[in-house]
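# Coordinates in review
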Amino acid sequence: MISTNFKIVLLILITTLINSCKSEYKIDFSEVYGKWTETEKSTGYTAKQIQNLTFEKDGKYQNVVINASSDSIVSSFNGTYELDTENNIIKFTNDGYVLKDMTLKKLTESEMIVEITEEFEGYALLYFSK
């Protein structure tokens, strides 16, 4: 029979091991530059319109929405962005259209996952690929 003290020590060791295996995901912001295309995993995604976000190294971005069936531009706007590396947020300043600030959940050379939370509009998780 296993003693109570041994069970407690084992529980502490297992908890410590699990916590040490967890790694806090670090965003590599150098991966944000380039053209990103929204994927079908996004909240509210529709295959009828394709959203492309392009981030330039000079702090400018472009958002273009294309009609998938006619390959024509539905909407397009430009602006500037700032990377809040401490909080993993992309903050936007826009020319004529309000785009919400986005919290980066994942960013690799080929995948970007962002979260948009608005008090009055709700929550959206958007998936992009390069």
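For every chain, the first residue of the written sequence is number 1, and numbering continues from 1 onward in sequence order. Two thresholds apply to this predicted model, a pLDDT of at least 70 for residue-level local features and 80 or more for giving and counting side-chain atom pairs, whereas whole-chain, interface and lining totals are computed over all residues. Values shown for side chains rest on all heavy atoms present in the structure; no hydrogens or waters enter the calculation.

## With respect to the sheet that holds strand S1 (residues 34–38)
- Ordered in space as S1-S2-S3-S4-S5-S6-S7-S8, the eight strands form a closed barrel in which the pairing is antiparallel. Pairwise comparison of adjacent strand axes, ignoring direction, gives a mean angle of 35 degrees for this sheet.
- Strand pairing is defined by DSSP finding a minimum of two bridges between the two strands. Secondary structure elements are defined from DSSP: runs of H or I of at least 4 residues count as helices, runs of E of at least 2 residues count as strands, and each element is numbered from the N terminus. The sheet contact formed by S1 and strand S2 (residues 49–55) spans four bridges and is antiparallel. Paired with Gly34 across the two strands is Phe55, which belongs to S2. Whenever a helix is involved, its axis is fitted only over the stretch in contact; in every case the axis is a line through C-alpha atoms, and angles between N-to-C directions fall within 0 to 180 degrees.

## Details of the confidence of the model for the chain
- Of all residues in the chain, 75% attain a pLDDT of 70 or more, and the chain-wide mean is 82.
- Mean pLDDT values for the elements of the chain range from 55 in helix H1 (residues 4–21) up to 96 in S1.
- For residues 19–23, every residue scores under 50 in pLDDT, and the model assigns this stretch zero contacts once sequence neighbours within four places are set aside. Note on scores: pLDDT gives the predictor's confidence for each residue, bounded by 0 and 100. Only heavy atoms matter for contacts: two residues are in contact if any of them lie within 4.5 Å across the pair.

## Describing the pattern of salt bridges
- Any Lys or Arg side-chain nitrogen located within 4 Å of an Asp or Glu carboxyl oxygen qualifies as a salt bridge. Throughout the structure, instances matching the rule amount to three salt bridges.
- In this structure, Glu115 engages Lys105 in a salt bridge whose closest nitrogen and oxygen atoms are separated by 3.7 Å. Of this pair, Glu115 sits in strand S7 (residues 111–118) while Lys105 sits in strand S6 (residues 102–107), and the two are 10 residues apart along the sequence.
- Burial classification: accessible surface area is computed with a 1.4 Å probe over protein chains only, and a residue below 20% of its type maximum counts as buried, one above 50% as exposed, and the rest as partly exposed. The class of Lys105 is partly exposed, set by a relative accessible area of 42%.

## Observations regarding the packing of aromatic side chains
- Aromatic contacts are taken between Phe, Tyr and Trp rings whose centres are within 6.5 Å, Trp giving its six-membered ring; a plane angle under 30 degrees counts as stacked, one over 60 as edge-to-face, and the others as tilted. With the rule as written, the count across this model stands at four aromatic pairs.
- Between Phe55 and Tyr81, the aromatic rings sit 5.0 Å apart at their centres with planes inclined by 85 degrees, giving edge-to-face as the arrangement. Of this pair, Phe55 sits in strand S2 while Tyr81 sits in strand S4 (residues 72–84), placing them 26 residues apart in sequence.
- Exposure remark for Phe55: the relative accessible area of 1% places this residue in the buried category.
- Classification of Tyr81 as buried rests on a relative accessible area of 9%.
- Relative to Phe92, the ring of Phe55 lies with its centre 6.2 Å away and its plane at 35 degrees, an arrangement referred to as tilted. Residue Phe55 is located in strand S2, and its partner Phe92 is located in strand S5 (residues 89–94); the two are separated by 37 residues in the primary sequence. Pair check on accessibility: Phe55 and Phe92 agree, each one buried.
- Linked through ring pairs, Phe55, Tyr61, Phe77, Tyr81 and Phe92 together constitute an aromatic cluster.

## Some words on the side chain of Glu111
- Relative to the helices and strands, Glu111 resides in strand S7.
- Polar contact criterion, stated in full: a pair of N or O atoms within 3.5 Å, where within protein one must be able to donate a hydrogen and the other to accept it, and residues adjacent in sequence count only if both atoms are side-chain atoms. Separated by 2.9 Å, the side chains of Glu111 and Lys106 make a polar contact.

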